[in-house]
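A structural walkthrough
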Amino acid sequence: MKKMNVLDWIAIILVIIGGLNWGLVGILKFDLVAAIFGDMSAISRVVYSLVGLAALYMIYGVAKLNKA
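Given the structure is predicted, the values throughout are model-derived calculations rather than measurements.

Right, let's talk about the overall build of the protein for a bit. Each helix and strand counted, the protein has 3 helices and 0 strands in total. Reading the helices (α) and strands (β) of the protein from amino to carboxyl end gives α-α-α. For a compact globule of 68 residues, the expected C-alpha radius of gyration is about 11 Å, and the protein comes in at 14 Å, more than 25% above that figure. Here the C-alpha coordinates of the protein stretch approximately 40 × 25 × 15 Å along the principal axes. Taken over 68 residues, the protein has a buried fraction of 16%. Within the protein, contacts between residues separated by at least 24 positions form 44% of all contacts whose residues are at least 6 apart in sequence. Counting only carbon and sulfur atoms, one obtains 76% of the accessible surface of the protein, whose full area is about 5400 Å².

Here it is, written out as structure tokens:
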């Protein structure tokens, strides 16, 4: 098993944050990122973009593991 690097950890943390945020949106209709940074503010959009990129990175990592 490969040791996880810093980028792997950042991606995991961002995906967890995104998952928790979507859970709050789905269950409580509460967007925590928007509540903290403002509804579709520049920083909110950066957070959403980073979470999306982290998810793509995680998909790549899983695909790479399946080839090994």
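Here the narrative resumes, following the displayed structure.
Let us now look at the nonpolar core. Ranked by size, the top nonpolar core spans 6 residues in total: Ala11, Leu14, Val33, Val47, Val51 and Ala54. The leading source of residues in this core is helix α3 (residues 42–67), at 3 residues. Leaving out residues up to four positions away in the same chain, Ala11 has contacts with Ala54, Tyr57 and Met58.

A few words now on unusual backbone geometry. If you check the backbone angles, Lys29 has positive phi at about 55° while not being a glycine. If you trace the backbone, Lys29 turns up in the loop between α1 (6–28) and α2 (32–37). A positive phi is found at Met40, a non-glycine position, where the angle reads about 55°. If you trace the backbone, Met40 turns up in the loop between α2 and α3.

Calculation rules
- Position labels on residues start from 1 in each chain and follow its written sequence.
- Per-residue local features are limited, in this predicted model, to residues with pLDDT of at least 70; the limit for side-chain atom pairs, both in listing and counting, is 80 or more; totals at the level of whole chains, interfaces and linings are taken over all residues.
- Hydrogens and water molecules were not included; the side-chain quantities draw on all heavy atoms of the structure.
- Comment: elements are numbered from the N terminus, with helices defined as DSSP H or I runs of at least four residues and strands as E runs of at least two.
- Every radius of gyration here is taken over C-alpha atoms, with the globule rule written as 2.2 Å times N^0.38, N being the number of residues.
- Summary of the burial criterion: residues with accessible area below 20% of their type's maximum are buried, those above 50% are exposed, and those between are partly exposed, where the area comes from a 1.4 Å probe applied to protein chains only.
- Contacts: residue pairs with any heavy atoms within 4.5 Å of one another.
- In short, Shrake-Rupley with a 1.4 Å probe defines the accessible areas, and a residue's cover is counted only from the protein chains shown.
- Residues belong to one nonpolar core when they are buried, are Ala, Val, Leu, Ile, Met, Phe, Trp, Tyr or Cys, and are joined through side-chain atoms within 4.5 Å.

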